[in-house]
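# Understanding the architecture of this molecule
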Amino acid sequence: MRHTISVLVTNEFGVLSRISGLFSGRGFNIESLSVAETLDPHVSRMTIVTSGDDKVLEQINKQLNKLINVIKVYDFTGEDHIERELALVKVNITADSRAEILSIVDIFRAKVVDVSPRTYTIEITGDEEKISALTELLRPFGIKEIVRTGRIAMARSPKQK
Amino acid sequence: MTKKNGAVILLECLIKEGVDTVFGFPGGAVLPIYDALYDSPIKHILVRHEQGAVHMADGYARALGRPGVVIVTSGPGATNTVTGIATAYMDSIPMVVITGQVPTALIGNDAFQEADIVGITRPCTKHNYLVKDLKDLPRIIKESFYIATTGRPGPVLVDIPKDVLTAVMGELKYPDKITIESYQPNYKGHPGQIKKALQLILSAKRPVVYAGGGVVLSNAAQELTAFAEKLGIPTTTTLMGLGGFPGTHDLFMGMLGMHGTFCANMAVTNTDCLIAIGARFDDRVTGKIDEFAPYADIVHIDIDPTSISKNVSVDIPIVGDVKEVLKEMVKALPQAKALKEHRKGLSEWQAQINEWRTTHALSYNQEPNGKIKPQFVIEKLYELTKGNAIITTEVGQNQMWAAQFFKYDKPRSFLTSGGLGTMGFGFPAAIGAQIAFPKSTVAVIAGDGSLQMNIQELATAVQYKLPVKVVILNNMVLGMVRQWQELFFDKRYSHTCISVAPDFVKLADAYGAVGLRAKKPSEVEQVLKEGLAVKDRPVLMDFRIDQFEGVYPMVPAGQPLNKMLLV
């Protein structure tokens, strides 16, 4: 099963390599990873998408916590949360296809961020399914390049007081 | 205000940490440290190879219970420490390794004697540091000792570039206390879990204690003995746990696992309540994991949460320091009278244990005129020292025989590379232990193969007049590998014959040590007596043993514990 976990770490050099080394050394999967500073500049957040059974996830959680630089580990699985990825898609255009592509972009609430005589570059954010759906629809027109970020996630706030 | 350079500051930090002995080898990048050592009260032990320094610091730490400290230079000096660091890491030994590094401006430039030692040792240290600025050095040294010695102990490496060592600052302000937000080891066991565990243990009909190195590391031997005695629970230890429970105690069943006793392995296979204390269910202990302790509810006490339910799923985990938790448990036990009743209730189980103990006890057959049996040498050593010695081992058959045939009543009296299984560990570790305890008898039970992996440290032992006893069980083969070839590879003895070897007696002589040899069983006692009497330099005792002696019982890898090959 896939899990999105959020890891708060001290913002020091070498921390990324400790985390990725832990995953490779113990045979855990990393499907995606994104890192950036938090509100507190001494702390970074890593959002890691990984997979494994309960036993593996328990070990991932404990092993991460064992690293001196790790402050907190949070698994979003089973929690109400928002997940987002961002992708840039460079797609071929022709006089005939332009309008159709723009309407797809519109439907997905994506936007065209760069235009050349032969290509559009489209920016889309959303969860993984949404981005995959867009790329599937664009594929017949000829996708020249895709760049995707890793997934980021945030817990939803409780709706009642 | 007087200005001090980084090297002087470093040594002052070490003194603040209570360090009086370091093990090391100089080189370009650490010249400033060596210059400062020249005027320092710290005693420096000059080794002959950096790996030796790390194993010595390791042996020193294991024997003394205080962190070992190593100083080596950059590049090859640093990379030579890696096996020693990994050895300490696997066995959770507190240690601080200080490596020199090329000046910060040259880092990453493939400078002379540059190696990314922080990168290399990341997976085999508890934590490591590159010091980029002298002002961070005191805090980093403080943190290093704190991390190395607290929680589950382990080695910490501090890499210091040369320009940091030569930079100057004012008086040292060494922090008294330190807290690390992201590192807060848990010592107290959860009271609810302790209560649940005690209920289970008191209701068990066939309980067994399985104790590991954690008992030794947390100095909990007394607490463990009290716990087992009060409840009347038969006890086995892992290789690392030997000495954590008295080897001559009535409740002791010997070591369990691949070369464990028949009694311990049968007890663990048949127990209904396994109490794992500071142990980690290593594959050499469990054998086939699905059939390990199949009838047991398992209680697991360990300070490291990652050890719990890693290999075997546990019914009642207790995260905490073994000593603290055992204290709490003993405190919560019923009254003496009730305990007596309880022990009476276990008499059937105890009788069964005793039957297993006698049916296939550890044994060997020493023909008076035959070849020397290695077990005989070890038993004689035990007899002559009355068990009053610190024993280290190399790795292989020598290690297993030393575990089986010497009885360890005290913690920190048996020092061995259990997790990593590092050949070449035992001799330098014995040197380290001898430095920690100059008056004690320290002996390494060695094989002729392992010993040669760090034989150069003989010069170190001679230089510091250390009377380390090197008991060579010389069979002229790489015995344990050869035993596996005999059993599992059709006796195809590929590359395990090392009969081309130095004459150890002459070698001892060449180094300025004492060399002795026994070829017949009748000579064993005399050689040991002579060797034990030497007080001012190391002794190499070359025992020419039976080449075909094996280590038994043996559970073939991947088999359940009750499927032992017996003698």
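In what follows, the structure referred to is the one given above.
Below is a short write-up of the structure. (Residues numbered from 1 in each chain as written. Chains lettered and ligands numbered in written order. Predicted model: local features only at pLDDT ≥ 70, side-chain atom pairs only at ≥ 80, totals over all residues. Heavy atoms only, no water.)

What follows deals with the packing of helix 1 (residues 6–16) of chain B against helix 7 (residues 137–149) of chain B. All names here are of chain B. Two elements in contact, helix 1 and helix 7, have axes separated by 10 Å at closest approach and are oriented at 35°. Judged by the sense of rotation from one axis to the other, the crossing of helix 1 with helix 7 is right-handed. Here helix 1 contributes Gly-6, Ile-9, Leu-10, Cys-13 and Leu-14 to the contact with helix 7, which in turn contributes Leu-137, Pro-138, Ile-141 and Phe-145. Class assignment for the residues of the contact of helix 1 with helix 7 results in eight nonpolar, one polar and no charged. (Axes fitted to C-alpha atoms, helices over the stretch in contact; angles between N-to-C directions. Helix = DSSP H or I, 4+ residues; strand = E, 2+ residues; numbered from the N terminus. Left-handed = near helix turned anticlockwise from the far one by under 90°. Contact = heavy atoms within 4.5 Å. Nonpolar A, V, L, I, M, F, W, Y, C, P; charged D, E, K, R; others polar.)

Each partner contributes residues to the interface: chain A has 16 residues there, and chain B has 19 residues. Where chain A abuts chain B, roughly 1600 Å² becomes buried across the two surfaces, and 51% of that area is made up of carbon and sulfur atoms. On the chain A side of the contact with chain B, Phe13(A), Arg18(A) and Ile68(A) bury the most area, a combined 41% of that side's loss. Inspection of the chain A/chain B interface yields one salt bridge. Linking Lys66(A) and Asp304(B) is a salt bridge whose minimum nitrogen-to-oxygen distance equals 2.7 Å. Looking at the side of chain A that touches chain B, the elements with two or more residues in it are helix 1 (15–25), helix 2 (54–66) and strand 4 (70–75) of chain A. With six residues, helix 2 of chain A is the single largest residue contributor to the side of chain A that touches chain B. (Buried area = accessible area lost by both parts, 1.4 Å probe. Salt bridge = Lys/Arg side-chain N within 4 Å of Asp/Glu carboxyl O.)

It is possible for side chains of opposite charge to pair when their charged atoms get near one another. This structure, assessed with the given rule, holds 37 salt bridges over all chains. Put simply, Lys62(A) and Glu58(A) hold a salt bridge, and the shortest N to O gap is 2.8 Å. Here Lys62(A) and its partner Glu58(A) are both found in helix 2, four residues apart, which amounts to about one turn of the helix. Residue Lys62(A) is classed as buried on the basis of its relative accessible area, which comes to 17%. For Glu58(A), a relative accessible area of 34% corresponds to the partly exposed category. A salt bridge links Glu12(B) to Lys4(B); its shortest N-O distance comes to 2.8 Å. (Buried < 20%, exposed > 50% of the residue type's maximum accessible area, 1.4 Å probe, protein only.)

Take the packing of helix 3 (residues 50–64) of chain B against helix 19 (residues 426–436) of chain B next. Relative orientation and spacing of two packed helices are given, respectively, by the angle between their axes and the distance between those axes. All names here are of chain B. Axis separation between helix 3 and helix 19 bottoms out at 6 Å; the angle between their running directions is 50°. Relative to helix 19, helix 3 is oriented oblique. In the packing of helix 3 onto helix 19, the handedness of the crossing is right-handed. Contact residues: Gly-52, His-55, Met-56, Gly-59, Tyr-60, Ala-63 and Leu-64 in helix 3; Pro-428, Ala-429, Ile-431, Gly-432, Ala-433, Ile-435 and Ala-436 in helix 19. (Parallel < 35°, antiparallel > 145°, perpendicular 65-115°, else oblique.)

What follows deals with the nonpolar core. Residues and elements named next belong to chain B. Within the largest apolar cluster, 67 residues are counted, with the highest numbers of intra-cluster contacts made by Phe-227, Ile-275, Ile-277, Ile-318, Met-329, Leu-381 and Phe-543. Those residues in contact with Ile-275 that lie beyond four places of it in its chain are Ile-201, Val-208, Val-209, Tyr-210, Phe-227, Ile-233 and Val-299. Val-54, Ala-86, Ala-461 and Val-468 belong to the second-largest nonpolar core, a separate cluster that totals 48 residues. (Core = buried A, V, L, I, M, F, W, Y, C linked by side-chain atoms within 4.5 Å.)

All names here are of chain A. Here Val-73 shows up in strand 4. Once the C-alpha coordinates of Val-73 and Asp-127 are considered, the two residues, 54 residues apart in sequence, prove to be 22 Å apart. For Val-73, the contacting residues outside a window of four places in its chain are Ser-6, Val-7, Asn-61, Leu-64 and Asn-65.

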